[in-house]
Amino acid sequence: MTGALNDTEVLLKQFNFNSATFIAVFAVSLLYWIAVKGRRRLMYYRIPSVGCGNDPLTSFWAAKRFKTDCKSLIQEGYDKARGLFKLAIADRWVVIVTGKELIRELWSAPDEKLNFHKAIDEATKSKFSFGTAVTENAYHVNIIRGRLTRNIPELSPELLDEVVCSFSNEFQHSTEWKTFSPIPHIQRIVCRASNRLFVGLPMCRNASYIRLNIGYTLEVWYTQQTLNGYPAFLQSVIGRYITNIGTRTKEAVNLLTPIIEERLSILTCSNADYSQLPNDLLTWLIIDTPNKKGRNVLELCQRLLVVNFGAIHSATNTFVHLLFHLAANPSWVKILREEVKYATEVDGWTKTALDKMQKLDSILREGLRMDGVNLWSLNRVAMEDYTFSNGVTVPKGALLAAPTSALHTDGSTEQIMGEQPPDVFDPWRFSRSCRSDSEGKHLEGLETHSNMALATTTSWNYLPFGHGKLSCPGRFFAGIQLKLMIAHFIQHYDVKLEKRCSGKPPNVYVGYSCAPNQQARVMVKAHQNM
Ligand code: HEM
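Scoring rules and cut-offs
- Residues numbered from 1 in each chain as written.
- Predicted model: local features only at pLDDT ≥ 70, side-chain atom pairs only at ≥ 80, totals over all residues.
- Heavy atoms only, no water.
- Donors = N, O, S within 2.8 Å, 3.2 Å for Na, K, Ca; no water.
- Helix = DSSP H or I, 4+ residues; strand = E, 2+ residues; numbered from the N terminus.
- Salt bridge = Lys/Arg side-chain N within 4 Å of Asp/Glu carboxyl O.
- Buried < 20%, exposed > 50% of the residue type's maximum accessible area, 1.4 Å probe, protein only.
- UniProt positions renumbered as here; feature names shortened; annotations may be inferred.
- Contact = heavy atoms within 4.5 Å.
- Axes fitted to C-alpha atoms, helices over the stretch in contact; angles between N-to-C directions.
- Parallel < 35°, antiparallel > 145°, perpendicular 65-115°, else oblique.
- Left-handed = near helix turned anticlockwise from the far one by under 90°.
- Nonpolar A, V, L, I, M, F, W, Y, C, P; charged D, E, K, R; others polar.
- Pairing = 2+ DSSP bridges.
- pLDDT = per-residue confidence, 0-100.
- Expected span 1.5 Å × (residues − 1).

A. Structural detail: the coordination of the iron atom of the ligand. Exactly one protein atom donates to the iron atom of the ligand; that atom is Cys-472 (SG), 2.3 Å from the metal. Examined against the element boundaries, Cys-472 turns out to sit in the loop between helix 17 (404-408) and helix 18 (475-492).

This is the structure we're talking about:
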């Protein structure tokens, strides 16, 4: 009995000790958590906010305003702030970095400090979209940057062939004006042309494959836009229910399994002689797979879908913006036609000819400057508390970016040359600097650009493709593809807006993305002087 009491006393003592320890540990952890949170909050407080204060109520309203009015919020911050400012979005702050020196720090900081891929994972909600296997080992990025870019001259006849066929399928060659909502047509053309180099014929023309890639692109975009509207803790719950991406991936596996298995078996039979395989992205993905485990149908399909996501949405939007400009300004089409005619008469429909089309490059660069796909770029997440050279510290976990739209229209920076003010669309802004002629006449001596800022040449304040070692790997391919599409289109078609309006139909802004007008329609007919 005494022994039992003693045991109970010991247990009670242990319990008292354990619970006291537990309470102490809990209290210390809570204090630590409050201190860390408080410290981070203080860091945010020190960065001026735009459209709200630091309190939850005004930042809630600012986050609502962000959804439709992000462009003016960014401009307001850019005009007022020196250095950094912050914007409220649904689940967090976004710290916007301004000024040449601080932006240089943003794009050049090492991954351990400011991380691009973490930011892209968060922005695209990759957990619910691309799948982690693909984003954790993104070897396809090096393939796009290296093999795809190097192969452009060799593969441009195939690209041209696909552009010609797909335009003729989508817009026909009617001598009567026909009305089109351009976006779905251009999506299909971009998808076909890109996939001619990604998976080759006949798959690039397979209607189910085209529908799948366009659907996947829209779905990723929809997933990220929807989830961005919810606080972080709700995103993982909702994310599971709103995405259909698993089904899309299965569709890709069904469609691509025969091609992939055929290529793998050719490799087995030919003792890994890669020259037996077609020269396209799928082959390069097979060749460069870092380990054998990744050389399977599912992972190859996931990678093709991700690359299509990168390629289709941005190039489609860029082309449609320009199409609206050209439809509203027939005199620009005339000038471009003359340049394209001259260059192709001399060099044929080659990359050399495209490289010589300075006005075409200029209008493309102007389009990307004024109607870039996103209002901010150089997305990064701070992996630790990070202090900029102006002494301002952003807390670990902060999302950072550079204000593309405001930088692109800041007339005080060296980038925006030209006769027109920076907020005016001036198609020949960038070609004027290398030739005195602005009318498209005297085309003799048309040369490849030497001193001209090209559409694909990034800089700290020209950011449609980002900048630095993590800039868009597909931009040279996109540049050639878009130039080919515009050059072909204006040589073979006339275009006008269905409804006359002064200039281009207004853009649509959702959060930080900028899209062409979704309602506007164009009228197209075959060009007679062909
Ligand atoms: C007009 C067309 C395009 C635009 C405006 C564009 C823009 C961008 C931007 C802004 C980024 C992120 C860079 C940053 O924020 O710092 C990016 C990344 C990327 N782009 Fe593009 N892009 C275009 C076309 C393409 C094409 C055609 C491909 C594929 C062939 C492609 C593949 C990618 C990939 C894979 C990434 C992620 C890079 C990484 O993870 O390091 N893009 N693009």
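B. Focus on the pattern of salt bridges. Counted according to the given criterion, the structure contains 27 salt bridges. For Asp-69, the salt bridge identified is with Arg-65, shortest N-O distance 3.0 Å. Taken as a pair, Asp-69 and Arg-65 lie in helix 2 (residues 56-80) at a separation of four residues, close to a single helical turn. Given a relative accessible area of 27%, Asp-69 falls into the partly exposed group. Judged by its relative accessible area of 29%, Arg-65 falls in the partly exposed class. Of the charged contacts, one joins Lys-80 and Glu-76 as a salt bridge, the two residues approaching to 3.4 Å between their closest N and O atoms. Remark: Glu-76 and Lys-80 occur in helix 2; sequence separation between them is four residues, near one turn of the helix.

C. Spotlight on the UniProt feature "binding site: heme" (unreviewed entry) in the chain. The feature "binding site: heme" (unreviewed entry), as given by UniProt, occupies Cys-472 in the numbering adopted here. If we ignore the near neighbours within four places in the chain, the residues touching Cys-472 are Arg-145 and Phe-465.

D. Region of the structure containing the packing of helix 12 (residues 281-288) against helix 13 (residues 297-328). Two elements in contact, helix 12 and helix 13, have axes separated by 11 Å at closest approach and are oriented at 130 degrees. Of the possible angle classes, the one that applies to helix 12 and helix 13 is oblique. The crossing of helix 12 and helix 13 is right-handed. Where helix 12 approaches helix 13, its residues Leu-281, Leu-282, Leu-285 and Ile-286 are matched on the opposing element by Leu-300, Arg-303, Leu-304 and Val-307. When its residues are assigned to classes, the contact of helix 12 with helix 13 shows seven nonpolar, no polar and one charged.

E. Looking closely at the sheet that holds strand 8 (residues 399-402). Taken in spatial order, the five strands line up as 1-2-8-5-3 in an open sheet, and their pairing is mixed. Only two strands of the sheet have a single partner each, and these edge strands are strand 1 (84-89) and strand 3 (114-115). Across two bridges, the pairing between strand 3 and strand 5 (residues 377-382) is antiparallel. Across the sheet, residue Leu-114 finds its bridge partner in strand 5, namely Ala-382. In this fold helix 4 (residues 116-124) packs onto strand 2 (92-97), strand 3, strand 5 and strand 8, with an angle of close to 100 degrees to the strand it touches most, strand 5.

F. Layout of the packing of helix 7 (residues 152-171) against helix 18. Across the interface, helix 7 lies against helix 18 with an axial gap of 10 Å and an inter-helix angle of 40 degrees. Judged on the interaxial angle alone, helix 18 and helix 7 are oblique. Relative to helix 18, the crossing made by helix 7 is right-handed. On the side of helix 7, the interface is formed by Ile-152, Ser-156, Leu-159, Leu-160, Val-163, Val-164 and Phe-167, while helix 18 contributes Phe-476, Phe-477, Ile-480, Gln-481, Leu-484, Met-485, His-488 and Phe-489. Of the residues that constitute the contact of helix 7 with helix 18, the class distribution is 12 nonpolar, three polar and no charged.

G. Quick peek at the confidence of the model for the chain. Taken over all residues, the pLDDT of the chain has a mean of 88, while the share at 70 or more is 93%. Contacts for the low-pLDDT stretch residues 435-448, under 50 throughout, to residues beyond four places or in other chains number 32 contacts.

H. Quick peek at helix 14 (residues 330-347). Here helix 14 spans 26 Å end to end across 18 residues, near enough to the 26 Å set by a 1.5 Å rise per residue. Inspection of helix 14 places Trp-332, Val-333, Ile-335, Leu-336, Arg-337, Glu-339, Val-340, Ala-343 and Thr-344 among the buried residues, and these make up the whole buried set. Looking at the packing, one finds that the buried side of helix 14 touches helix 13, helix 15 (351-356), helix 16 (358-370), helix 18 and strand 9 (493-497).

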